[in-house]
Amino acid sequence: MPSIALSQALPSSPPQPLNINALTDWGEDDRPRVASDGFGNWVAVWASQDSLSDTVDGFDYDIFVSRSSDHGETWTHPEALNSDATTDGGTDDWSPKIATDYLGNWLVAWSRGDGIAGVQGRDIDILLARSVDNGVTWTAPISVNPDADIDTGSDDLYEILTDGDGTWMVVWSWLENQSAAIAGDRDVYVSRSLDLGDSWSVPLRLNTNFSPPGTYWQTNESMSLASNGADGWMVTWSQMSNESVVCVYTEDDGVTWAAPLEITSTSGFRPGSSVAYDYDGGWIVSVEDQDELMEQPGARGVVRLYRSADSGSSWSTLSPDFYPPDGEFDILEHTLSVAPDGALVVAWTTPTGDDIDIWASYSRDRGLSWSVPGPLNSNWIEDGDEADDRYPFIANDGNGNWVAVWEVIRGIGMLADAGDALTSRWVLRKQDGGSDSCFIATAAYGTPLASELKSLRQFRDVRLMQNSLGSEFVDAYYRLSPSLAEYVAARPVAKSLVRFLLALLTSLPGIATFLCGFTATSAWWIWIYRRHFE
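Just so we're clear, the structure is a prediction, and the values are computed from it rather than from any experiment.

Colleague: Explain the overall build of the protein chain here, please?
Modeller: Of the regular secondary structure elements, the protein chain holds five helices and 30 strands. The burial tally for the protein chain puts 58% of its 534 residues in the buried class. Sequence-distant contacts, at least 24 apart, represent 55% of the contacts inside the protein chain between residues at least 6 apart. A total accessible area of about 21200 Å² is found for the protein chain, and carbon and sulfur atoms account for 54% of it.

Colleague: Even after reading the chapter, I still don't get the sheet that holds strand β28 (residues 388-396), so can you show me in this structure?
Modeller: Either a parallel or an antiparallel arrangement is found when strands of a sheet pair, and the pairing is made through backbone hydrogen bonds. On the basis of which strands lie adjacent, the open sheet formed by four strands has the order β2-β30-β29-β28 and antiparallel pairing. The open sheet has two free edges, formed respectively by β2 (16-17) and β28, since each of these has just one partner strand. Sheet topology places β28 next to strand β29 (residues 401-409); seven bridges connect them, and they run antiparallel. Each residue of the ladder has a partner; that of I394, found in β29, is A404.

Colleague: How do you make sense of the packing of aromatic side chains when you look at a structure like this?
Modeller: Aromatic ring pairs are described here by two measures, namely the spacing of the ring centres and the angle between the planes. Under the defined criterion, the tally for this structure stands at eleven aromatic pairs. For the ring pair W46 and F64, a centre distance of 6.3 Å and an interplane angle of 70 degrees mean the geometry is edge-to-face. Highlighted residues: W46 in strand β4 (residues 42-48) and F64 in strand β5 (residues 62-68), separated in sequence by 18 residues. In this structure W46 comes out as buried when scored by relative accessible area, which is 0%. Geometrically, the ring pair formed by W359 and W380 is edge-to-face, given 5.5 Å between the ring centres and 70 degrees between the ring planes. In this pair, W359 sits in strand β25 (residues 355-363) while W380 sits in the loop between β27 (374-375) and β28, placing the two residues 21 residues apart along the sequence. Cluster of aromatic residues (ring-pair linked, three or more members): Y249, Y277, Y279 and W283. For R31, the ring lying beneath its charged end belongs to Y391, and the centroid distance is 3.6 Å. Its guanidinium or amino end placed over the ring of Y391, R390 lies 4.8 Å from that ring's centre, counting from NZ or CZ.

Colleague: Is there a simple way to think about the sheet that holds strand β22 (residues 316-317) in this case?
Modeller: Pairing within the open sheet is antiparallel, and its four strands lie in the order β19-β20-β21-β22. The open sheet is flanked by β19 (272-277) and β22, the only strands paired with a single partner. Two elements, strand β20 (residues 283-289) and strand β21 (residues 302-308), share seven bridges in a ladder whose sense is antiparallel. Note that in β21 the partner of S286 across the bridge is L305.

Colleague: Would you explain the side chain of E333 in this entry?
Modeller: Inspection of the secondary structure puts E333 in the loop between β22 and β23 (334-338). In terms of polar contacts, E333 uses its side chain to reach the side chain of T349, at 2.6 Å. Excluding anything up to four places from it in sequence, E333 contacts E288, A347, W348, T349, R390, Y391 and P392.

Colleague: I keep staring at the side chain of R112 and nothing clicks. Help me out?
Modeller: The residue R112 is located in strand β8 (residues 106-112) in this model. Judged by relative accessible area, R112 falls into the buried class, the value being 1%. Of the polar contacts made by the side chain of R112, one reaches the side chain of D93; its length is 2.6 Å.

Colleague: Looking at this structure, how should I read unusual backbone geometry?
Modeller: One can expect most non-glycine residues to show negative phi and most peptide bonds to be in trans. A positive phi angle, close to 60 degrees, is found at L196, a residue other than glycine. Relative to the helices and strands, L196 resides in the loop between β13 (186-193) and β14 (204-205). Unusually for a residue other than glycine, D253 sits at a positive phi of about 60 degrees. Along the polypeptide, D253 turns up in the loop between β17 (244-250) and β18 (261-265).

Colleague: Where do I start with the environment of W46 in this structure?
Modeller: Sequence separation between W46 and P78 is 32 residues; the distance between their C-alpha atoms is 9.7 Å. Looking at W46, its side chain comes within polar contact range of the side chain of D29, at 2.9 Å.

Colleague: Help me out: how do you make sense of the nonpolar core in this one?
Modeller: One broad trend across soluble globular proteins is that nonpolar side chains are buried collectively. Membership of the largest hydrophobic core comes to 29 residues, with the highest contact counts inside it found for L81, W110, W138 and W172. For this core, the secondary structure elements donating two or more residues are β4, β5, β7 (93-100), β8, β9 (125-131), β11 (154-162) and β12 (168-175). Broken down by element, this core gets its largest block of residues, five residues, from β8. By size, the runner-up hydrophobic cluster in this structure holds 28 residues, among which are I331, L336, V338 and V346.

Colleague: What exactly am I supposed to notice about the confidence of the model for the protein chain here?
Modeller: Interpreting fine coordinate detail is not advised for predicted regions of low pLDDT. Of all residues in the protein chain, 71% attain a pLDDT of 70 or more, and the chain-wide mean is 79. Taken element by element, the protein chain is modelled with least confidence in helix α5 (residues 511-533), mean pLDDT 51, and with most confidence in β4, mean pLDDT 96. Of the regions scoring below 50 in pLDDT, residues 178-183 engages in 21 contacts with residues more than four places distant in sequence or in other chains.

Colleague: Any chance you could explain the pairing of β23 here in plain terms?
Modeller: Regular strands place their side chains on alternate faces of the sheet. Burial within β23 is extensive, with five of its five residues counted as buried. Here β23 runs beside strand β24 (residues 344-352); their pairing, made up of five bridges, is antiparallel. Within the sheet, the bridge partner assigned to H334 lies in β24 and is W348.

Colleague: Would you mind going over the pairing of β24 with me for this structure?
Modeller: Along β24, nine of the nine residues are buried, which leaves the element largely enclosed by surrounding structure. Burial along β24 is two-sided: L344, V346, W348, T350 and T352 facing one way and V345, A347, T349 and P351 facing the other are all buried. What sits between β23 and β24 in their antiparallel hairpin is a turn of five residues, with G342 showing a positive phi close to 100 degrees. If you look at the hairpin formed by β24 and β25, you'll find two residues sitting between the two strands, and G353 has a positive phi there, around 80 degrees.

Colleague: How should I be thinking about the environment of V338 in this particular structure?
Modeller: Relative to the assigned elements, V338 resides in strand β23. Take V338: its relative accessible area is 8%, and that puts it in the buried class. When the C-alpha atoms of V338 and N396 are compared, they prove to be 7.7 Å apart, with 58 residues separating the residues in sequence. Apart from the residues within four sequence positions on either side, V338 is in contact with A276, Y277, D278, Y279, I284, A343, L344, N396 and W402.

What counts as what
- Residues numbered from 1 in each chain as written.
- Predicted model: local features only at pLDDT ≥ 70, side-chain atom pairs only at ≥ 80, totals over all residues.
- Heavy atoms only, no water.
- Helix = DSSP H or I, 4+ residues; strand = E, 2+ residues; numbered from the N terminus.
- Buried < 20%, exposed > 50% of the residue type's maximum accessible area, 1.4 Å probe, protein only.
- Contact = heavy atoms within 4.5 Å.
- Areas by Shrake-Rupley, 256 points an atom, 1.4 Å probe, with all protein chains shown as cover.
- Pairing = 2+ DSSP bridges.
- Phe/Tyr/Trp six-rings, centres within 6.5 Å; stacked < 30°, edge-to-face > 60°.
- Lys NZ or Arg CZ within 6 Å of the ring centre and 35° of its normal.
- Polar contact = N/O pair within 3.5 Å; in protein donor to acceptor, adjacent residues only side chain to side chain.
- Core = buried A, V, L, I, M, F, W, Y, C linked by side-chain atoms within 4.5 Å.
- pLDDT = per-residue confidence, 0-100.

See below:
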């Protein structure tokens, strides 16, 4: 049974503004998200009402972007991501979500109330922009939902993700009116792209509890999406009609999906969920249960994690129950992040006195033991009673570096009165403190989820790290391989060569015999390629 076994709280840095103009801007900065490509590039996005010194329309929300190359220690000055920020007619752009394929390509999806320049009507639609230079420049926005110009329902509450191997997916909730063929409830739809978001498949409905016209609304929301880096994907969401969390699974890259399966039933209203692949053949889902706080005085909200090793057919408890601090009862939102080496972080928002703060717990052994929950925003005492910290999101780069972002309402003393986006960072690795990154192989396969990487990690941990010569080799690899990995990632010929050698070596029983030879051979062939073909 998972237990609280680590006494040290999450070693997060003091919160700093993500929007570095926080002292001078006047607009709200809301709902930030962040992602990393594993090679030192971090990109953060959020919705803002700021005018950026009158360079954009400050009367509506636009999508801002900022970049970091030092694991979140410093960030570039905010810029408008949506290229029509000055011409979108005062239409709000809201709640951006970001994903990257580890190859320099990034997609950001967000919602807009009136579509592109009002063409899509008065409902909410999902827009998307792409960057192929690590967030420096972005394409003009396009619509994800293909019926954006004719539908009358709202497409929102979405997530976007890629498997790092060419497939991108968006899952969202569609709220239609009662006159439609499907009643005015919220249904779950998914669409995929194989061309970096230029085009999207016809949306496929995933939930089976939709209502016929004129009957009771079935509300499905709080969607989450995860990939195993191959052909497996999982979507989870909350079914409000029976207060449960369900999942669906595909093993063919989203062409077909299994029927929804219940993960757990809750006693609360509007349960939230988040899903992640655990890099060990399983799936992890975190569930936020409010315990019907409005109806049961004295009940407490709780966050609990579950794991499935059979694609969602069965689930076991992965964590102890995480409750609000003593004397508090409510949990408002939560977030989950999983690293390739088995480190996990779960964070949730809860009232603490007269304001709202973020609490977190972590595991360094794939959920076998957990830290004592503690505040992620380490300024939770001195930030006063007027600072509500909400909507946290956590990302990691697979190399032990983690960044959290969230919004703070009503400022924290050092900032202006308007709401701002904050960030904190820390280093957290598995139990032995080592990294789990195979930089060159990750660059070759375009994702840290590739199954071949698991064999290399096992060999490193079981054989190399058990002797001094092997440990020295691993240390040298982690010092030298990032620059070589960047070279491999940018060159198809080098990627193909490394993938060929990896496929050969991982198919042989004597991988221990060949690993050093593989590294040397790869370096030699890349050197030959650079000398003679460039």
